[in-house]
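In case you want the letters, here they are:
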Amino acid sequence: MAKSMTKEEKYRQMTETPVQELIPRLAVPTIISMLVTSIYNMADTFFVSQIGTSASGAVGVMFSAMAMIQAIGFTLGMGSGNYISRSLGNRNEETASRSAATAFFTGGIIGIAIAVLGTVFSGPLVYFLGATDTIAPFARDYARYILIAAPFMITSFVMNNILRAQGNAVFAMVGITVGGILNMFLDPLLIFGFGMGISGAAIATMASQIVSFAILLYQCNMQKGCISIRISRFTPTLRMYGEILHAGLPSFCRQGLASVASVVLNVAAGPYGDAAIAAMSIVSRFMMFVNSSLIGFGQGFQPVCGFNFGAKRYDRVLDAFWFCVKVAVVMLTTFGIAAFVFSRPIITVFRREDAEVIRIGTLALRLQLLTMPFQAWVIMVNMLTQSIGYGFRASLVAMGRQGLFLIPALFVFPRFFGLLGLQASQPAADMLTFVLASGIVAGILKELGVMRDEQQS
């Protein structure tokens, strides 16, 4: 159905299909994509953890660099994607096409620069990211191949968001899922079968990213009804970058600050040993997996929100938001309860041989799981504000969880509460972000209600 759907049919689908039917239809492929991405991120952590605690810590150290690469991809991808959704809602396909090309080629250029500079300065880089002397050799081996993959990672994130913005979530899912499954097969083969150690995990990730890139590029340029990416549409103007960054800045704040927070977390965990760095890395990866299903669901909401806001269907924007909030709270609360009960076995799966990793990780995981319902609300508020182009307010919400609150907490809490302070920093930041998000969205919902009433009258 998706392959034969014309642009006019897609427009009617996005603006007329009941949101309770449309959002799950768009969200299921995205949820699958996000879960697969999280699973193969966890696969690296799982298989590398079998090598040793220092190797597991190295993945955690390089995760902050990967988070920054992802931040750039998400900034350009979601920024152009939201602009594309609103443009298509206004029936402006020319602008949508230029936005897609500009984001793609800009991402490629930035990715090449990261690959070159990161490779040249890989030694100082891993220490800057929080590596200890015992972790650094593993981190350098892992970084060598991850950095080569940077251009493919960034442009894949861009194309994934461009496809979703048009309502083509299935096409986006195919590219991400195939690469993710390939990574899960290659990890044990290269790490243990070929005896490549942590380098094998990095090569598996690099190969998977290149395969995903090739599939997504094919989907964008060859599938009927998709906006093609053409160099002739590359429009590197201040106005175009302004539009993309206005909508994409919340993603950069969210993902970029996640990278900074990851560095700060590694540094804060350093005094407690490699076991603390490894434990917090495992918890971070698992929490990303739990949240990925909700983020995938929210990304099914975003094109619906952007299309209908552009088409001035404010009633549908509000209906979609409240529908998603209800589903999100139930979803994360259910996941949170189940994971809380099995917290110790979950951590044990990753590092069975190290009792200290299990002890530190179990409590940190349980504390974070207690805030799951509040995280659901924060994520949906962030999705709403970003999708309708309220960039500054969306950025504030995005900055809260891992910027405005987490980074200061990591500097302060361990000083007063030691290791417990380290473990409690993220939950405390989550609760403060909930308060911030609630205050911000109250005014936005009131504005949308007024616009809806004016529209209906």
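Residues numbered from 1 in each chain as written. Predicted model: local features only at pLDDT ≥ 70, side-chain atom pairs only at ≥ 80, totals over all residues. Heavy atoms only, no water.

Q: Would you explain the overall build of the protein chain in this entry?
A: Looking only at helices and strands, the protein chain has 18 helices and zero strands in total. Principal-axis analysis of the C-alpha atoms gives the protein chain an extent of 65 × 45 × 40 Å. A separation threshold of at least 6 residues defines the contact pool for the protein chain, and within that pool the share at least 24 residues apart is 84%. When the accessible surface of the protein chain is summed, it comes to about 17,000 Å², and 70% of that surface belongs to carbon and sulfur atoms. Across the protein chain, the centroid of the 31 positively charged side chains sits 3 Å from that of the 21 negatively charged ones. (Helix = DSSP H or I, 4+ residues; strand = E, 2+ residues; numbered from the N terminus. Contact = heavy atoms within 4.5 Å. Areas by Shrake-Rupley, 256 points an atom, 1.4 Å probe, with all protein chains shown as cover. Lys, Arg positive; Asp, Glu negative; His and termini not counted. Charge placed at Lys NZ, Arg CZ, Asp CG, Glu CD.)

Q: Just checking my understanding: could you explain a nonpolar patch on the surface for this structure?
A: On the surface, a cluster of nonpolar side chains totalling about 620 Å² of accessible area is made up of Leu-363, Phe-411, Val-412, Phe-416, Phe-417 and Leu-420. When residues in the nonpolar patch are grouped by element, the largest group, four residues, is from helix 17 (residues 406-417). Using a relative accessible area of 53% as the deciding quantity, one classes Phe-417 as exposed. (Patch = residues over 30% accessible without salt bridge, like charges linked within 9 Å, V, L, I, M, F, W, Y side chains within 5 Å. Salt bridge = Lys/Arg side-chain N within 4 Å of Asp/Glu carboxyl O. Buried < 20%, exposed > 50% of the residue type's maximum accessible area, 1.4 Å probe, protein only.)

Q: Would you take a moment to explain the nonpolar core for this structure?
A: Nonpolar side chains tend to gather and get buried jointly when the protein is soluble and globular. Within the largest apolar cluster, 133 residues are counted, with the highest numbers of intra-cluster contacts made by Phe-301, Phe-321 and Leu-384. Look past the residues within four positions of Leu-384 in its chain and what remains in contact with it is Phe-301, Cys-305, Val-317, Phe-321, Val-441, Ile-444, Leu-445 and Leu-448. (Core = buried A, V, L, I, M, F, W, Y, C linked by side-chain atoms within 4.5 Å.)

Q: Is there a simple way to think about the pattern of salt bridges in this case?
A: Two side chains bearing opposite charge may form a pair once their charged atoms approach each other closely. Going through the model one piece at a time under the given rule, you end up with seven salt bridges. Arg-233 is the salt-bridge partner of Glu-94, the closest N and O atoms lying 2.7 Å from each other. With a gap of 139 residues between them, Glu-94 in helix 4 (residues 93-120) and Arg-233 in the loop between helix 9 (198-222) and helix 10 (238-269) connect regions that are remote in the sequence. Judged by relative accessible area, Glu-94 falls into the partly exposed class, the value being 36%. Looking at Arg-233, the relative accessible area reads 28%, which means it is partly exposed.

Q: For this particular structure, what's the right way to read the packing of helix 11 (residues 274-310) against helix 15 (residues 372-387)?
A: Between two packed helices, what matters for the description is the angle formed by their axes and the separation of those axes. At a minimum axis separation of 9 Å, helix 11 and helix 15 run at an interaxial angle of 30°. Classified by the angle their axes make, helix 11 and helix 15 are roughly parallel. The handedness of the crossing between helix 11 and helix 15 is right-handed. Along its contact with helix 11, which presents Met-287, Val-290, Asn-291, Leu-294, Ile-295, Gly-298, Gln-299, Phe-301, Gln-302, Cys-305 and Gly-306, the element helix 15 presents Met-372, Gln-375, Ala-376, Ile-379, Met-380, Met-383, Leu-384, Gln-386 and Ser-387. Partitioned by chemical class, the residues of the contact of helix 11 with helix 15 number twelve nonpolar, eight polar and no charged. (Axes fitted to C-alpha atoms, helices over the stretch in contact; angles between N-to-C directions. Parallel < 35°, antiparallel > 145°, perpendicular 65-115°, else oblique. Left-handed = near helix turned anticlockwise from the far one by under 90°. Nonpolar A, V, L, I, M, F, W, Y, C, P; charged D, E, K, R; others polar.)

Q: Would you mind going over the packing of helix 6 (residues 136-148) against helix 7 (residues 150-165) with me for this structure?
A: Orientation of helix 6 relative to helix 7, taken along the N-to-C sense of each, is 50°, at an axis distance of 4 Å. On the basis of their axis angle, the class for helix 6 and helix 7 is oblique. Across the interface between the two elements, Ile-146, Leu-147 and Ile-148 of helix 6 pack against Ala-150, Pro-151, Phe-152 and Met-153 of helix 7. Within the contact of helix 6 with helix 7, the residues separate by chemical class into seven nonpolar, no polar and no charged.

Q: Teacher, can you tell me more about the layout of surface pockets here?
A: Roughly 270 Å³ of volume is contained in the largest pocket. Forming the boundary of the largest pocket are 13 residues, of which Ala-65, Met-68, Leu-125, Leu-129 and Ser-259 lie nearest the centre. Of all the secondary-structure elements, those providing two or more residues to the lining of the largest pocket are helix 3 (53-89), helix 4, helix 5 (122-128) and helix 10. Ranked by the residues each element gives to the lining of the largest pocket, the list is headed by helix 3, at four residues. Here the lining of the largest pocket is composed, by residue class, of ten nonpolar, three polar and no charged. (1 Å grid on protein atoms, 1.4 Å probe; cavity = no way out; pocket = protein on both sides within 12 Å on 5 of 7 lines; lining within 4 Å. Points joined across faces, edges and corners; volume = space filled by probe spheres on them.)

Q: Looking at this structure, how should I read empty space enclosed by the protein?
A: Which parts of space are left empty comes out when a probe the size of a water molecule is rolled across the atoms. Inspection of the entire model under this criterion finds four cavities of 30 Å³ or more. When its volume is computed, the largest cavity comes out at roughly 980 Å³. Lining the largest cavity are 47 residues, with Gln-255, Ala-258, Met-288, Arg-401 and Gln-402 sitting closest to its centre. Among the elements that make up the lining of the largest cavity, the one with the highest residue count is helix 11 (ten residues). A breakdown of the residues in the lining of the largest cavity according to their chemical character gives 23 nonpolar, 22 polar and two charged.

Q: Even after reading the chapter, I still don't get the packing of aromatic side chains, so can you show me in this structure?
A: Geometry of an aromatic ring pair is reported as the spacing of the ring centres plus the angle between the planes. Inspection of every chain in the model, using the stated rule, returns 16 aromatic pairs. Seen in terms of ring centroids, Phe-74 and Phe-157 are 4.8 Å apart; in terms of plane orientation they differ by 35°. Their pairing is tilted. Of this pair, Phe-74 sits in helix 3 while Phe-157 is found in helix 7, placing the two residues 83 residues apart along the sequence. The same class applies to Phe-74 and to Phe-157, which are both buried. Connected via pairs of aromatic rings, a cluster forms that spans Phe-104, Phe-105, Phe-152, Phe-213 and Phe-234. (Phe/Tyr/Trp six-rings, centres within 6.5 Å; stacked < 30°, edge-to-face > 60°.)

Q: Looking at this structure, how should I read helix 18 (residues 419-456)?
A: Since one α-helical turn is 3.6 residues long, residues separated by three or four positions face the same way. For helix 18, built from 38 residues, the straight-helix expectation of 56 Å at 1.5 Å per residue is met to within 8% by its first-to-last C-alpha distance of 56 Å. Of all the bends in helix 18, the largest measures some 40° and sits at Ser-425, one to four residues before the proline Pro-427. (Expected span 1.5 Å × (residues − 1). Bend = angle between axes of the 7 residues up to and from the residue.)

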